[in-house]
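Working through the structure, step by step
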2 protein chains.
Amino acid sequence: MEKIIASIITIGDELLIGQVVDTNSAFISQELNKAGVWVKRRVAVGDSKEEIIRALNEESRDSNIILITGGLGPTADDITKPVLCEYFGGKLVMNEEVRKHLIYLFEQVYRRPIIERNLKQAEVPDVCTVLPNARGTAPGMWFEKNGKVFVSLPGVPHEMKGLMTAEVLPRLQQTFTMPFITHRTLLTVGMGESFIAERIKDWEEKLPAHLKLAYLPNYGMVRLRITGWSTDKTRLENELDTEFGKLKQLVQEWLVTDEDETLPMVLSKLLRSRKKTMATAESCTGGYMAHLITAISGASNIYKGSIISYDNEIKISALNVSPASLQKAGAVSEEVVKEMAAGALAKLNTDYAVAVSGIMGPDGGSPEKPVGTVWVAAGDRTKLVTHRFQFRFDRARNIEMTAIQALNLLRKFIVENA
Amino acid sequence: MEKIIASIITIGDELLIGQVVDTNSAFISQELNKAGVWVKRRVAVGDSKEEIIRALNEESRDSNIILITGGLGPTADDITKPVLCEYFGGKLVMNEEVRKHLIYLFEQVYRRPIIERNLKQAEVPDVCTVLPNARGTAPGMWFEKNGKVFVSLPGVPHEMKGLMTAEVLPRLQQTFTMPFITHRTLLTVGMGESFIAERIKDWEEKLPAHLKLAYLPNYGMVRLRITGWSTDKTRLENELDTEFGKLKQLVQEWLVTDEDETLPMVLSKLLRSRKKTMATAESCTGGYMAHLITAISGASNIYKGSIISYDNEIKISALNVSPASLQKAGAVSEEVVKEMAAGALAKLNTDYAVAVSGIMGPDGGSPEKPVGTVWVAAGDRTKLVTHRFQFRFDRARNIEMTAIQALNLLRKFIVENA
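All values derive from a computational prediction rather than experimental measurement.

**As for the relation of the copies chain B and chain A**
Rotating chain B by 180° about the axis while translating it 0.0 Å along that axis superimposes it on chain A, leaving an RMSD of 0.0 Å. Such values leave the two copies arranged in the relation of a two-fold axis. When the interface residues of chain B are mapped onto chain A, 100% of them again lie at the interface, so the same face is used by both copies.

**A word on the domain arrangement of chain A**
Residues and elements named next belong to chain A. Here chain A is described as being made up of domain 1 (4-175), domain 2 (180-257) and domain 3 (263-416). Centre-to-centre, using C-alpha coordinates, domain 2 lies 31 Å away from domain 3. Taken together, the contact between domain 2 and domain 3 spans 7 residues of the former and 7 residues of the latter. Tallied by class, residues from the side of domain 2 that touches domain 3 come to 5 nonpolar, 2 polar and no charged.

**Focus: the environment of Thr 227 of chain A**
Residues and elements named next belong to chain A. With respect to the helices, strands and loops of the structure, Thr 227 is situated in strand E11 (residues 221-230). Sequence-wise, Thr 227 and Lys 212 are 15 residues apart; in three dimensions their C-alpha atoms are separated by 5.2 Å. Sequence-distant contacts of Thr 227, that is, excluding residues within four places in its chain, are made with Ile 181, His 183, Lys 212 and Ala 214.

**Focus: the interface of chain B and chain A**
Facing the 77 residues of chain B at the interface are 77 residues of chain A. Per element, the largest residue contribution to the side of chain B that touches chain A is 7 residues, and it comes from strand E14 (residues 303-309) of chain B. Looking at chain direction, strand E2 (residues 37-45) of chain A and strand E2 (residues 37-45) of chain B are connected through 5 bridges and run antiparallel. In the sheet register, Val 43 of chain A faces E2 of chain B, and the bridge partner there is Val 43 of chain B.

**A closer look at the pairing of strand E15 (residues 352-358) of chain A**
Residue and element names in this part refer to chain A. The buried count for E15 comes to 7 of 7 residues, which makes it a mostly enclosed element. Residue alternation in E15 divides its side chains into two sets, Tyr 352, Val 354, Val 356 and Gly 358 and Ala 353, Ala 355 and Ser 357, and both sets are buried. Here strand E13 (residues 278-282) runs beside E15; their pairing, made up of 5 bridges, is parallel. Across the sheet, residue Thr 280 finds its bridge partner in E15, namely Val 354. In the sheet, E15 pairs with strand E16 (residues 373-379) via 6 bridges, with the strands oriented antiparallel. When the bridges of E16 are listed, Gly 358 appears paired with Val 374.

Analysis parameters
All residue numbers refer to positions counted from 1 along the written sequence of the respective chain. Key to labels: chains lettered from A, ligands numbered from 1, both in the order written. Predicted model: local features are reported for residues with pLDDT of at least 70 only, side-chain atom pairs are reported and counted for 80 or more only, and whole-chain, interface and lining totals are derived from all residues. Superposition of the copies was done by least squares, using only C-alpha atoms of residues whose pLDDT is at least 70 in both. Contacts here follow a simple rule: the backbone-placed C-beta atoms of the two residues must lie within 7 Å. Domain delimitation follows an automatic or database domain assignment. Note on residue classes: Ala, Val, Leu, Ile, Met, Phe, Trp, Tyr, Cys and Pro are nonpolar, Asp, Glu, Lys and Arg are charged, and everything else, Gly too, is polar. Under the DSSP-based scheme used, a helix requires at least four consecutive residues in state H or I and a strand at least two consecutive residues in state E, with every element numbered from the N terminus. Should DSSP find at least two bridges between two strands, the strands are taken to pair. Burial in this document is a count-based property: other C-beta atoms within 10 Å of a residue's C-beta are tallied, and the residue is buried at 20 or more, exposed at 12 or fewer, or partly exposed in between, with C-beta positions derived from the backbone.

Structure (structure tokens):
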């Protein structure tokens, strides 16, 4: 069986001047990969006819599927639709269903008058299959040429996602006979990429060629993913289970989960399975820990709230931190984070709490407590554990690192003190 | 004067399976653009010799500068360095300075034993200029061939950023005579892209060819950017000032700032200039508003803290919301957000507060209050304004939209009630 190969073309000057980060390509790659399609290249080009055509020509040389996003908006800089129409030798015609959907959106949902510019979005090339976009104005378009499939999707992420799931993936599965690609993923916290690589070297070298290991480090975490590719599903699954079992043994001491989950997801599941609740008391992370937890649907079952005591006054008034501790040890100290955690447990009435205080930079450091110094306390009413971390580099990264390490300290506490 | 054109090549299988979002390309594009370099294409390829070489050949056809990131790690899947070495006809040699830096990092900073695999990172092609990486282990590499510059940087974002700023940009400015590219950017909140396009259509059509307008919509905001390109700096600046003045007039009612800033930055500056403080009381946004404010360095001057009352019990105990209001109107109601804002002003002792409560989905909706229903209250001790929003679609987007609209309601309140 031949590999089904895809290229992704993202269109838009905003990508080339760097004013937006392309999150669409990652989503599309993930979905294609899961479906058994091998993404070979991703290309971003500007809103230029010449560049779009060059990319279409080059990417369709090796790839069976060319997924295109962006440039379908109602404004003058959006030229993807007329360029595709010309490329596939069609002409633009009004599509009645898209027109009705546009009128519905403006009248019932946006409650704004519809203007000529918007109605133009209902014009589509007569050589494509129209993919209805329930979430927005620009429809998707499916073209076929010389056995290759070209799909054009809007660049707005939630519209693109809706179209991928509802229209593109089912149609691709009908059009191509997919091979079987599958993954096993685990997450470690607390050890660097090269040290892990050294630990698992002997095992990795013996992996058969159709199994591939990827290291995905991110903010103090390393995700390890084995990808397998085969036509024999049962054999591949068995083989992956065996190798994944060996890998888990090798990295056991840093293992957080053997599923493709984030650390906040692991912590949420752990609390849910034990019917327990948690709270956060945040100084330097300024709400980011709370955000990581509440971004997960159903958080209200396990999460009651947070006191973000950015100002010391709030540490005293809302978390019962003693002015004497603040005076003596300073806001970034073991004493203060312990009092913050105890205050959160009492005030927010939860089973567990985690508290952080630190210096995120670029200002505020001192010789004894340089930028990146963080104290964390986690625990329950009977016991609190603490840890001092020393991070480096920039503010955004320090906030991320602190939130992840603090949530991991609470996770470990719960697992070890069950 | 000729345009200086660049391509960005990002290397790594993790980009093609979609496990990481490429934020590096946006940063590099921004920096090159500011320096007067036109980014023409961005390409992502896997850790494959054939694909890397194809990308190097194709991208160096039109571009003067080829910026390469990724694939420089210590693990077996990282092959960028040997491939570049071969491509430019060199051989790998140990670099004494890089070796010393590696030993310093492991001994003094990471405090972990250095292993052979790490020391290999000090081997560099003898045909490149080594760019020292103060923030990490893999050095940058600068190659020149047929008048083109190829720069290879590590994929770790803060290492890449450090190298771009300290090494790459100054060297590019020495190597090429840059044209002058400049921008004017403004931010609007509260009106859609196509409606704005209609309003400014006549003005936009009359723009000279060397000035280009971009629409950059994002979560209820639309950023408008005019980019100008010329060799005559003074004339271009004057021209841009004139056109930018006209544009600002046209979109005045939705204008948040005429600088290249985010909404949280605008709100922070506003508070700082008036020496005032704010607090947040968050239910559905779960700390995300607080995070947006505290992600900005120096937030402690204007931000005291937040009560994240995810659970109704906390709304009562920590924010003085009356059980009767919760009972009668429900947690997502005008009454409750007003009481939350009043509670935050009192408990956190600030000049201003903003409170939100809503249903972010996918669960929790009802016919009267569907998913996406949000109440916001903002104001000070003498007056509170409220607004009901109705968002749609997914949870992550609803959290973003709510935080932005709520912060904007507070910003407008401050401006209008000075």
